[in-house]
Amino acid sequence: MTEIVYEAVESYNEYLMKIPNGCQKIADNFRESKITEALNLIIYFTEGANWLIEVSELLRKNSILVSLKTEKIHEYLKEINQGLEIQDYILVADMFEYEIGPFFEASTLIKVQQNQ
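What this report covers is the structure whose coordinates are included nearby. Not measured: the values here are computed from a predicted model. (Residues numbered from 1 in each chain as written. Predicted model: local features only at pLDDT ≥ 70, side-chain atom pairs only at ≥ 80, totals over all residues. Heavy atoms only, no water.)

1. Points about unusual backbone geometry
Consideration 1: Although it is not a glycine, S33 adopts a positive phi angle of roughly 60°.
Consideration 2: Tracing the backbone shows S33 in the loop between α1 (3–31) and α2 (35–61).
Consideration 3: Using a relative accessible area of 59% as the deciding quantity, one classes S33 as exposed. (Helix = DSSP H or I, 4+ residues; strand = E, 2+ residues; numbered from the N terminus. Buried < 20%, exposed > 50% of the residue type's maximum accessible area, 1.4 Å probe, protein only.)

2. Points about the side chain of S56
Consideration 1: As for its position among the elements, S56 is in helix α2.
Consideration 2: In terms of polar contacts, S56 uses its side chain to reach the backbone carbonyl oxygen of L52, at 2.7 Å.
Consideration 3: Among residues more than four places away in sequence, those in contact with S56 are Y12, V66, L68 and T70. (Polar contact = N/O pair within 3.5 Å; in protein donor to acceptor, adjacent residues only side chain to side chain. Contact = heavy atoms within 4.5 Å.)

3. Observations regarding the pattern of salt bridges
Consideration 1: By the definition in use, this model includes four salt bridges.
Consideration 2: Residue R31 pairs with E97 through a salt bridge whose shortest N-O separation is 2.3 Å. With a gap of 66 residues between them, R31 in helix α1 and E97 in helix α4 (residues 89–105) connect regions that are remote in the sequence.
Consideration 3: With a relative accessible area of 23%, E97 lands in the partly exposed category.
Consideration 4: One network of salt bridges, with partners in common, ties together R31, D94 and E97. (Salt bridge = Lys/Arg side-chain N within 4 Å of Asp/Glu carboxyl O.)

4. Quick word on the packing of aromatic side chains
The description of two aromatic rings rests on the distance between their centres and on the angle between their planes.
Consideration 1: Counted according to the given criterion, the structure contains six aromatic pairs.
Consideration 2: Ring geometry for F45 and F96: centres 5.1 Å apart, planes at 80°, overall edge-to-face. Of this pair, F45 sits in helix α2 while F96 sits in helix α4; the two residues are 51 residues apart in sequence, bridging distant segments of the chain.
Consideration 3: For F45, a relative accessible area of 6% puts it in the buried group.
Consideration 4: The exposure class assigned to F96 is buried, which follows from its relative accessible area of 0%.
Consideration 5: Ring plane angle 85° and centroid distance 6.1 Å describe the contact between F45 and F104, whose orientation is recorded as edge-to-face. You can see F45 sitting in helix α2 and its partner F104 sitting in helix α4, a full 59 residues away along the chain.
Consideration 6: F104 sits in the buried class, given a relative accessible area of 2%.
Consideration 7: Pairwise contacts between aromatic rings join F45, Y76, F96, F103 and F104 into one cluster. (Phe/Tyr/Trp six-rings, centres within 6.5 Å; stacked < 30°, edge-to-face > 60°.)

Structure (structure tokens):
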């Protein structure tokens, strides 16, 4: 495996482990009426989720087993957008705390050896 692929896997795993805490922070901010902070974090979440989707596809093309269900991430992004459009911040907070965070927490890290 090339060094760049190994680094991508490492970054992927690091980011995947951080998402559940970020989801909780978004939910907490909404519940504490820190709407601007929550919305800013959602921007970062969306960018990160899209990055995970892209990296997942590239890794799969390099014959690396990626179990992340990217279609589910697309569904979450659509549902977040729908909740934000109607400004139902409690719904969005609940999604992050009870659906999205646990989804990423249960996601499997990629295990590879650098000398493959």
